[in-house]
Amino acid sequence: MAAHLLAALPSVHEVLRHPEFQAASPHLADPYRARLVQSVIQRHRDELRSGTSSSTPESIHLDVLRSCIGEARAIASPFPRRVINGTGVLVHTNFGRAPLGELLSRIDARALAGYTDLEWDPGSGQRGNRDVALGRALCLLTGAEAALVVNNCASALLLGLNTLAAGKEVLVSRSELVEIGGSFRVPEIMQASGCVLREVGTTNRTRLDDFARAARAGESVLLKVHQSNFVQRGFVQQVPVQEMVGLGGALGIPVIEDNGSGLMSADGVAVLDPEPRVAASLDAGVDVVCCSADKLFGSIQTGIILGRAEMIAKMRQSPLYRVLRLDKLRLAVLDAALKLHLAGAGDDLPLWRLFHTDQAELDARIGGLRLPGPQTRWASCRRVPLRATLGGGSNPEATFASAGLELVHRDLSADALKRRLSTRDVPIVGYVRQDRLYLDVRTFFPDDFPQLQRALDELSGEGAAE
Ligand SMILES: *Cc1c(COP(=O)(O)O)cnc(C)c1O
């Protein structure tokens, strides 16, 4: 059987000459086209040999051709591609966390297109630091003595621990040894940074005394980690960061906080109440605070480190900083967001615009759609109230009022409908509850609605499900 199939594989030349493959790969130069076909045929050959192929002698030719066309097309489209987020999760890690929106038109594209003063000080004509101005602005915003920006929050914590705590015992509550997803696990980051994890307290309750008994004056380091993506209820107790600062001060040891979400302000927004504010931790006297810039800070993937000048200066001198530093494009987008925060216009950040869109506006946007009626293949396509969430590990159980569509199709199960919408040229991603598909429009941008209209219309008619 396998030998039979192997013999039926098309040759590289057969695929290369095929008009459909040629039409699908005009963006590939000949050597790369040939290499693509070779590698696809090799993969099919390996699958046949290992018995993991589902091809038959009749289908193998077409299967290989289809794979080659699929791969060629995938290379043609720019990466990352646009996705319409109908999940109602504002900071969605799978979809690139905070949307950048107009931040992209606020950066100086002309400057970035040419040479820039990234590491040059015009006054002295000497080499300058790439993030000094940005660091000053961060200090202005948060009240920190000094600031540094690196690749992401994981990098920030790695650099902070490696610089301040390598070879030392770092005390963490057992309830804060969290996993964030995408392989960020506090114990593993600590190990990679060269410090020694010392767990204190219990899973559900940790008291200041647990830290006090384990800490050694002038030697240990105290670490506070935001629990982020889970909630503990019942017989629980955590040590407020203020108390850890008191202990750190008394013993002459630093307190580091992994804040995660990077909330700057947003007073009076109830859903955010339990979220720790970066500035509040610094006010309380935490020595070093790390956070992400692409969660509630509302900008591009970056890790922000804030804290005592001498500690930040040490980090800047670490070879790890050189490894984790940012490029000009990301610094520019971070700077654009920072300027909005400093202008007191954080609500104008794309993420916060979505958050603050009021119910009437959401209704008006849904009202602008021509919803297919009962004479179509849609059994139900109606506006419903929904609950959106912040996402990104912030206040995980809190939801807030939103609106969207409830979709039921006569010819497609909810899961099949979900697949249909999420495999469009511009994927539209919703969620299924009790055999219904929901699309939350709070996370839609205005130009997402015409795409949704097209999808609704296309699935209205007889045969739409085929
Ligand atoms: C999200 C998060 C991280 C990871 O942040 P990245 O920017 O993705 O590296 C680390 N710690 C906490 C508490 C978080 O919430």
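Novice: In this structure, what is going on with the packing of aromatic side chains? I would like to understand it.
Specialist: Aromatic rings considered in pairs are described by the distance between their centres and by the relative angle of their planes. As enumerated under the stated definition, the model contains four aromatic pairs in all. Residues tryptophan 352 and phenylalanine 355 carry aromatic rings whose centres are separated by 5.1 Å and whose planes lie at 70 degrees to one another, so their mutual orientation is edge-to-face. Here tryptophan 352 pairs with phenylalanine 355, and both are found in helix H17 (residues 350–356), just three residues apart, close to one helical turn. As far as burial versus exposure is concerned, tryptophan 352 and phenylalanine 355 are alike and both buried. Through successive ring pairs, a cluster of aromatic residues spans Trp352, Phe355 and Phe400.

Novice: Any chance you could explain helix H16 (residues 328–342) here in plain terms?
Specialist: Within an α-helix, residues lying three or four positions from one another point in the same direction, as the helix has 3.6 residues per turn. Across its 15 residues, H16 extends 20 Å between first and last C-alpha, which sits within 8% of the 21 Å expected from 1.5 Å per residue. Along H16, the residues that are buried comprise Arg330, Leu331, Ala332, Val333, Leu334, Ala336, Ala337, Leu338, Leu340 and His341. Residues of H16 that are buried make contact with helix H6 (103–106), helix H7 (109–113), helix H8 (132–142) and strand E5 (146–150). Put simply, aspartate 327 is the residue that caps the front of H16, since its side-chain oxygen is 3.0 Å from the backbone nitrogen of leucine 329. Downstream of H16 by a residue or two, glycine 344 has a phi angle that is positive, lying close to 75 degrees.

Novice: Would you take a moment to explain unusual backbone geometry for this structure?
Specialist: Note: most peptide bonds trans; most residues except glycine with negative phi. Backbone torsion omega between phenylalanine 79 and proline 80 reads -5 degrees, so that peptide bond is classified as cis. Its place among the elements puts proline 80 in the loop between helix H5 (60–76) and strand E1 (84–85). Although it is not a glycine, asparagine 395 adopts a positive phi angle of roughly 35 degrees. Summarising the element assignment, asparagine 395 is placed in the loop between strand E14 (378–391) and strand E15 (400–409). Taking the relative accessible area as the measure of exposure, asparagine 395 reaches 15% and is therefore buried. The phi angle at glutamine 434 is positive, at roughly 45 degrees, despite the residue not being glycine. Its location among the elements puts glutamine 434 in the loop between strand E17 (431–433) and strand E18 (436–440).

Novice: Is there a simple way to think about the sheet that holds E17 in this case?
Specialist: By way of backbone hydrogen bonds, the strands of a sheet pair with one another, either parallel or antiparallel. With respect to topology, five strands assemble into an open sheet ordered E2-E14-E15-E18-E17, the strand pairing being mixed. Two strands lie at the open edges of the sheet, namely strand E2 (89–91) and E17, each paired on one side alone. When the angles between neighbouring strand axes are averaged without regard to direction, this sheet yields 40 degrees. Two strands pair when backbone bridges link them, and E17 and E18 are joined in this way by three bridges, in the antiparallel orientation. Counterpart to arginine 433 in the pairing with E18 is arginine 436. The strands touched by helix H18 (residues 359–367) within the sheet are E14 and E15, with E15 carrying the most contacts at an inclination of about 20 degrees. Across the sheet, helix H19 (residues 414–422) lies against E14, E15, E17 and E18, angled at about 40 degrees from E18, the strand it touches most.

Novice: Explanation requested: the packing of helix H4 (residues 30–50) against H5 in the structure shown.
Specialist: Pairs of packed helices are described in terms of their axes, by the angle between the two and the distance that separates them. One way to put it is that H4 packs onto H5 with a least axis distance of 10 Å and a crossing angle of 135 degrees. As far as their axial angle goes, H5 and H4 are oblique. Relative to H5, H4 is oriented so that their crossing is right-handed. The segment H4 lies against H5, with Leu36, Val37, Val40, Ile41, Arg43, His44 and Leu48 engaging Ile60, Asp63, Val64, Ser67, Cys68, Glu71, Ala72 and Ile75. A class-by-class count of the residues in the contact of H4 with H5 yields ten nonpolar, two polar and three charged.

Novice: Would you mind going over the pattern of salt bridges with me for this structure?
Specialist: Within the structure shown, the criterion is met by 31 salt bridges. With a shortest N-O distance of 3.1 Å, aspartate 209 and arginine 213 are connected by a salt bridge. Of the two residues, aspartate 209 and arginine 213 are both situated in helix H11 (residues 208–214); the distance of four residues between them amounts to about one turn of the helix. Residue arginine 213 is classed as exposed on the basis of its relative accessible area of 61%. With its nearest N and O atoms 3.2 Å apart, the salt bridge here joins glutamate 406 to arginine 436. Of this pair, glutamate 406 sits in strand E15 while arginine 436 sits in strand E18, and the two are 30 residues apart along the sequence. Overlapping salt bridges bring together Glu119, Arg127, Arg130 and Arg325 as one network.

Novice: Please clarify how the packing of H8 against H16 should be interpreted in this entry.
Specialist: As a packed pair, H8 and H16 sit with axes 10 Å apart at the nearest point and diverge in direction by 30 degrees. When the axes of H8 and H16 are compared, the pair comes out roughly parallel. Where H8 crosses over H16, the handedness of that crossing is left-handed. Contact residues: H8 offers Leu134, Ala137, Leu138, Leu140 and Leu141, while H16 offers Leu331, Leu334, Asp335, Leu338, His341 and Leu342.

The rules behind the values
Residues numbered from 1 in each chain as written. Predicted model: local features only at pLDDT ≥ 70, side-chain atom pairs only at ≥ 80, totals over all residues. Heavy atoms only, no water. Phe/Tyr/Trp six-rings, centres within 6.5 Å; stacked < 30°, edge-to-face > 60°. Helix = DSSP H or I, 4+ residues; strand = E, 2+ residues; numbered from the N terminus. Buried < 20%, exposed > 50% of the residue type's maximum accessible area, 1.4 Å probe, protein only. Expected span 1.5 Å × (residues − 1). Contact = heavy atoms within 4.5 Å. Polar contact = N/O pair within 3.5 Å; in protein donor to acceptor, adjacent residues only side chain to side chain. Pairing = 2+ DSSP bridges. Axes fitted to C-alpha atoms, helices over the stretch in contact; angles between N-to-C directions. Parallel < 35°, antiparallel > 145°, perpendicular 65-115°, else oblique. Left-handed = near helix turned anticlockwise from the far one by under 90°. Nonpolar A, V, L, I, M, F, W, Y, C, P; charged D, E, K, R; others polar. Salt bridge = Lys/Arg side-chain N within 4 Å of Asp/Glu carboxyl O.

None of the figures reported here should be taken as evidence of function without further support.
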